[in-house]
Amino acid sequence: MTAPFDTSRAADTPGAPASPPPQDAPHGTSHEVVMEPQEAFAELGRLVVGESPLGQVLTRVAELAKACVPGAEEVSVTLLEGGKAHSAAFSGRLAATLDERQYAGGFGPCLDAAQSGQVVRVDDTAADAVYPDFAAIAARQGVRSVVSVGMPMPQRILGGINVYRFDDGVLDEEAVQLLQVFASYAAIALANHSLYASAISLSANLQTAMQSRAVIEQAKGVLVASLRCTPEEAFTHMVKQSQHANRKLREIATDIVQRASRT
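Residues numbered from 1 in each chain as written. Predicted model: local features only at pLDDT ≥ 70, side-chain atom pairs only at ≥ 80, totals over all residues. Heavy atoms only, no water.

Draft legend 1. Up close: the overall build of the chain. Helices and strands together make up the secondary structure of the chain, namely eight helices and five strands. Counting from the amino terminus, helix and strand elements in the chain follow one another as α-α-β-β-α-α-β-α-β-β-α-α-α. For the chain, the proportion of its 263 residues judged to be buried stands at 39%. Counted over contacts in the chain with a minimum sequence separation of 6, partners at least 24 positions apart contribute 60%. For the chain, the accessible surface area stands at approximately 14600 Å², while carbon and sulfur atoms represent 53% of it. (Helix = DSSP H or I, 4+ residues; strand = E, 2+ residues; numbered from the N terminus. Buried < 20%, exposed > 50% of the residue type's maximum accessible area, 1.4 Å probe, protein only. Contact = heavy atoms within 4.5 Å. Areas by Shrake-Rupley, 256 points an atom, 1.4 Å probe, with all protein chains shown as cover.)

Draft legend 2. Geometry of the packing of helix α3 (residues 93-105) against helix α5 (residues 132-140). Following both chains from N to C, one finds α3 and α5 inclined at 160°, their axes separated by 11 Å at the closest point. Between α3 and α5, the angle falls in the class roughly antiparallel. Here the hand of the crossing between α3 and α5 comes out right-handed. Between α3 and α5, the contacting residues are Leu-98, Arg-101 and Gln-102 on the first element and Phe-134, Ile-137 and Ala-138 on the second. Here the contact of α3 with α5 is built from residues that sort into four nonpolar, one polar and one charged. (Axes fitted to C-alpha atoms, helices over the stretch in contact; angles between N-to-C directions. Parallel < 35°, antiparallel > 145°, perpendicular 65-115°, else oblique. Left-handed = near helix turned anticlockwise from the far one by under 90°. Nonpolar A, V, L, I, M, F, W, Y, C, P; charged D, E, K, R; others polar.)

Draft legend 3. Inspection of the packing of aromatic side chains at higher detail. Under the criterion given, the structure shown has one aromatic pair. Plain terms: the ring middles of Phe-107 and Tyr-131 are 5.1 Å apart, the flat faces sit at 45° to each other, and that makes the pair tilted. Of this pair, Phe-107 sits in the loop between α3 and α4 (109-116) while Tyr-131 sits in the loop between β3 (119-122) and α5; the two residues are 24 residues apart in sequence, bridging distant segments of the chain. Here Tyr-131 falls in the buried class, since its relative accessible area comes to 6%. (Phe/Tyr/Trp six-rings, centres within 6.5 Å; stacked < 30°, edge-to-face > 60°.)

Draft legend 4. Structural view of the side chain of Arg-165. Mapped onto the secondary structure, Arg-165 falls in strand β5 (residues 158-165). Glu-73 provides the closest opposite charge to the buried, salt-bridge-free Arg-165, at an N-O distance of 4.2 Å. Contacts of Arg-165, omitting those with residues within four sequence positions, involve Gly-71, Glu-73, Gly-142, Val-143, Arg-144, Ser-145, Val-170 and Leu-171. (Lys, Arg positive; Asp, Glu negative; His and termini not counted. Salt bridge = Lys/Arg side-chain N within 4 Å of Asp/Glu carboxyl O.)

Draft legend 5. Geometry of the confidence of the model for the chain. Confidence along the chain averages 78 in pLDDT terms, with 76% of residues attaining 70 or more. Considering each helix and strand of the chain separately, the mean pLDDT is smallest for helix α6 (residues 173-227), with a value of 77, and largest for α5, with 93. Counted against residues more than four places away or in other chains, residues 1-30, with its pLDDT under 50, gives 39 contacts. (pLDDT = per-residue confidence, 0-100.)

Draft legend 6. Fine view of helix α1 (residues 37-46). Turning to α1, its buried residues number three or more, namely Ala-40, Phe-41, Glu-43 and Leu-44. Take α1 and look down its axis: the buried residues cluster within an arc of 160°, on one side only. Turned more than 90 degrees away from the buried face of α1 sit Gln-38, Gly-45 and Arg-46, all of them exposed. (Arc of directions from axis to C-beta.)

Draft legend 7. Region of interest: the packing of α1 against helix α2 (residues 54-68). Orientation of α1 relative to α2, taken along the N-to-C sense of each, is 170°, at an axis distance of 9 Å. When the axes of α1 and α2 are compared, the pair comes out roughly antiparallel. Taken together, the residues of α2 that come into contact with α1 (itself represented by Pro-37, Ala-40, Glu-43 and Leu-44) are Arg-60, Val-61, Leu-64 and Cys-68. For the contact of α1 with α2, the per-class residue count stands at six nonpolar, no polar and two charged.

This is the structure:
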């Protein structure tokens, strides 16, 4: 197993102790990039499928985006599953709060980015005409600009990464392009995790099916011996019982086997 996620960075001087994890920048101060993009991409590629819960994986995704994208002061990850949106991870409470405002209204940059897979920008929350209600709420919280980038998800889950800024100015084109590349790497990690979860679920279902078949075969053997009938007739007998009692065939078979074991 790999070590837990480490958000600290080693000091530049060889042998120096690791510096403490970076704290959220106060509102109104510039955001310092603490990780090179290639380092962040490499860590995304090292996230071991199935070894960490999805929430922990996505939390690290938000932390890495904040660490490597110039100008990203708070970051959140939006997921859309079955038509319902939620913030699966966030680097600060305000990001989650502003996301939830959009989910409640069913309208906003993070939702549109997740659904379309495109880049959606609010460059000035004080004068935005596309999302005026959300922009006004964000402005009152000190947020000056927002960028949401859709994650290219090939499966049923849709997602996006949202960046909130408190400083004047907006993410430049280079930073937005970096965020798009980052979103692609993050989507791969999320897709791999989803595939792993599907495989585990399929394995559990197959195991249940095999157990059901085993007990049905046992019950058929019991009925063949007690009713002096063929295996086909024994199976038909159980099917009729299942339909009459409105119970699953596996439950009928289990009852037959349990009764036989008590005699």
